[in-house]
Amino acid sequence: MEENSFISKTANPISHRSCWEAPSNIALVKYWGKVDPQLPKNPSLSFTLSTSLTKTEIEFQPATSKKFDFMFFFEGESKPEFKPKLEQFFDRIASYIPWLSDYELKIKSENSFPHSSGIASSASAMAAISLNLMDLERHLFPDMTTSYFYKKASFLARLGSGSAARSVAGPVTIWGKNKSQKQSSDLYALPFEAALNPVFKSYQDCILLVDKGVKTVTSSQGHDLMHKHPFAEQRFLQADRNLSALITVMKTGDLDAFIQIVELEALTLHAMMMTSNPYFILMKPNTLAIIEKLWAFRASDRIPVCFTLDAGANVHVLYPEEYKGKVNDFIKEELASFCQNRHYLLDQVGEGAKKV
Ligand code: PMV
């Protein structure tokens, strides 16, 4: 679909209320590097999570002042510090939803995961807002197809935070034009097109909270540094190759190949950070300690468990459901001590956003 097809018509304002839950996601092939307006330099693929999510309710009222405005509450409190990021988002999407200029919004949002856990919530947050916007748009234009509804929700979410495009559908989504998935697009994410091997439908993700603090370098700054990165072009080509290989793995269920691609992607993401100018490191000593322990456990117990990393120090431990008992024991006994306050979150692959 072309960008123009996401421009809606105008309509008379009505009162409306909706509430959506959107999940967090963890990329297996990483998006790192973009061009305006939030278009990825390479395709990415992610697991949609199940219990780590943002729930957002929006009350839409015709604007009394005849101009767009919004209030934002996070976990019951007004949060003016979140307003600039949301204002930027509404500016970016304004031309695609011209009807919005006639409304005042009351946005109430909460996360299922603890506040300041070091987990980026922008993906689930932007997806949840976008789904609520689409909820009203579908009300205004009832002929809308379900496929268009989800594509445009992902399209809008992308303009808020790139990875948010992948927080609409599940259990596996792909964002970014690539040869292996015919319908793929840089404008929005789509669910994995082929038959997914059953092992991945219930894959486990334990998020080890190594560092709950604010990151020293934001993902926007990190993406920007890819513009002059000496290895950028090779990295984008590598991501293309890794995506094709991973798409095959998602069908066959070859877990050795899965582990090899997923860990390579995680370490490459951090290698890009460490070789940017200026360079930076988001891993902590405990991140590496966990990786060492995990590798030793995999070798000794022959369990197909692996890790991936986000743009931060936390470690996502990934494993098939059939090994849940053994891996969860290992995490509790051997890895929890490397987490801040022994804190970790047990999650698994999920089905995507839901209307509440
Ligand atoms: O969506 P952003 O701009 O926060 O970037 C996310 C980048 C990574 O999380 C590191 C990778 C990814 O594909 O999610």
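Per chain, residue numbering runs from 1 following the sequence as it is written. Thresholds applied to this predicted model are a pLDDT of at least 70 for local features of residues and 80 or more for the giving and counting of side-chain atom pairs; totals over whole chains, interfaces and linings are not thresholded and use all residues. Neither water nor hydrogens contribute to the side-chain values; these are computed over all heavy atoms in the structure.

Draft legend 1. Molecular detail of the overall build of the protein chain. In this text, helices come from DSSP runs of H or I with a minimum length of four residues, and strands from runs of E with a minimum of two, each type numbered from the N-terminal end. The helix and strand inventory of the protein chain stands at 8 helices and 14 strands. Our radius of gyration looks at C-alpha atoms and nothing else; its globule reference is 2.2 Å times the residue count to the power 0.38. At 20 Å, the protein chain has a C-alpha radius of gyration in line with the 21 Å of a compact globule built from 356 residues. Once the C-alpha set of the protein chain is aligned to its principal axes, its extents read approximately 65 × 45 × 40 Å. Three exposure classes are used, based on accessible area relative to the maximum for each residue type with a 1.4 Å probe and protein chains only: buried under 20%, partly exposed in between, and exposed over 50%. Buried positions account for 55% of the 356 residues belonging to the protein chain. Pairs of residues are marked as contacts when any of their non-hydrogen atoms sit within 4.5 Å. The contacts in the protein chain between residues at least 6 apart in sequence include a share of 77% that link residues at least 24 apart. Each accessible area is a Shrake-Rupley estimate made with a 1.4 Å probe; only the visible protein chains count as cover when residues are assessed. By element, 52% of the accessible surface of the protein chain is carried by carbon and sulfur atoms, the whole surface being about 15700 Å². Across the protein chain, the centroid of the 39 positively charged side chains sits 1 Å from that of the 39 negatively charged ones. Note that His is not counted, nor are the chain ends; the positive residues are Lys and Arg, and the negative ones are Asp and Glu. For the purpose of locating charges, the reference atoms are NZ of Lys, CZ of Arg, CG of Asp and CD of Glu.

Draft legend 2. Quick peek at the nonpolar core. The biggest cluster of nonpolar side chains holds 46 residues, and the ones touching the most others in it are Phe90, Ile93, Trp99, Leu105, Leu131, Leu133 and Phe155. Residue assignment for this core shows that the elements contributing at least two residues are β1 (16–29), β4 (44–62), β5 (69–74), α1 (83–93), β7 (103–111), α2 (122–140) and α3 (146–160). Per-element accounting of this core gives the leading share, 10 residues, to α2. Not counting chain neighbours up to four residues away, the residues in contact with Phe90 comprise Phe68, Phe70, Leu100, Leu105, Ile107, Ile129 and Leu133. Membership of the second largest hydrophobic core comes to 31 residues, among which are Phe113, Tyr203, Cys306 and Leu345. Residues belong to a common nonpolar core when they are buried Ala, Val, Leu, Ile, Met, Phe, Trp, Tyr or Cys residues joined through side-chain atoms within 4.5 Å.

Draft legend 3. Representation of the site of the ligand within the structure. As a structural note, the neighbourhood of the ligand is formed by 13 residues, with Ser163, Arg166, Ser219, His223 and Asp310 the closest of them. We define a polar contact as two N or O atoms separated by no more than 3.5 Å, with the added condition that, inside protein, one atom must be a possible hydrogen donor and the other a possible acceptor, whereas residues neighbouring each other in sequence contribute only through side-chain atom pairs. Interatomic distance of 3.1 Å between a side-chain N/O atom of Ser161 and an oxygen atom of the ligand. Summarising the interface, the protein chains cover 91% of the accessible area of the ligand, which totals 380 Å² for the free molecule. The cutoff for a nearby residue is simple: one of its non-hydrogen atoms must lie within 4 Å of the molecule or strand.

Draft legend 4. Geometry of the sheet that holds strand β13 (residues 344–348). Read across the open sheet, the 4 strands follow the order β11-β12-β10-β13; overall the sheet is antiparallel. Strands at the two margins of the open sheet, each flanked by one partner only, are β11 (306–309) and β13. Across the sheet, the mean angle from the axis of one strand to that of its neighbour is 25°, orientation sign disregarded. In this description, strands pair whenever DSSP reports at least two bridges between them. When β11 meets strand β12 (residues 315–319), the two strands line up antiparallel, connected through 4 bridges. The axes used here are C-alpha line fits, helices contributing only the stretch in contact, and every angle between their N-to-C directions lies in the interval 0 to 180 degrees.

Draft legend 5. Representation of the layout of surface pockets within the structure. What the second largest pocket holds in volume is close to 150 Å³. We place a 1 Å grid over just the protein atoms. Points where a 1.4 Å probe fits but has no way out form a cavity, open points with protein on both sides within 12 Å along at least 5 of 7 lines form a pocket, and any residue with an atom within 4 Å of a point lines it. Lining the second largest pocket we find Arg17, Cys19, Lys55, Thr56, Glu57, Phe73, Glu75, Gly76, Lys108, Ser109 and Glu110. For the lining of the second largest pocket, the elements supplying multiple residues, two or more each, are β1, β4 and β7. Any residue outside Ala, Val, Leu, Ile, Met, Phe, Trp, Tyr, Cys, Pro, Asp, Glu, Lys and Arg is labelled polar, Gly included; the first ten of those are nonpolar and the last four are charged. Taken together, the residues of the lining of the second largest pocket break down into 2 nonpolar, 3 polar and 6 charged. Grid points are joined across faces, edges and corners, and a volume is the space filled by probe spheres set on the points.

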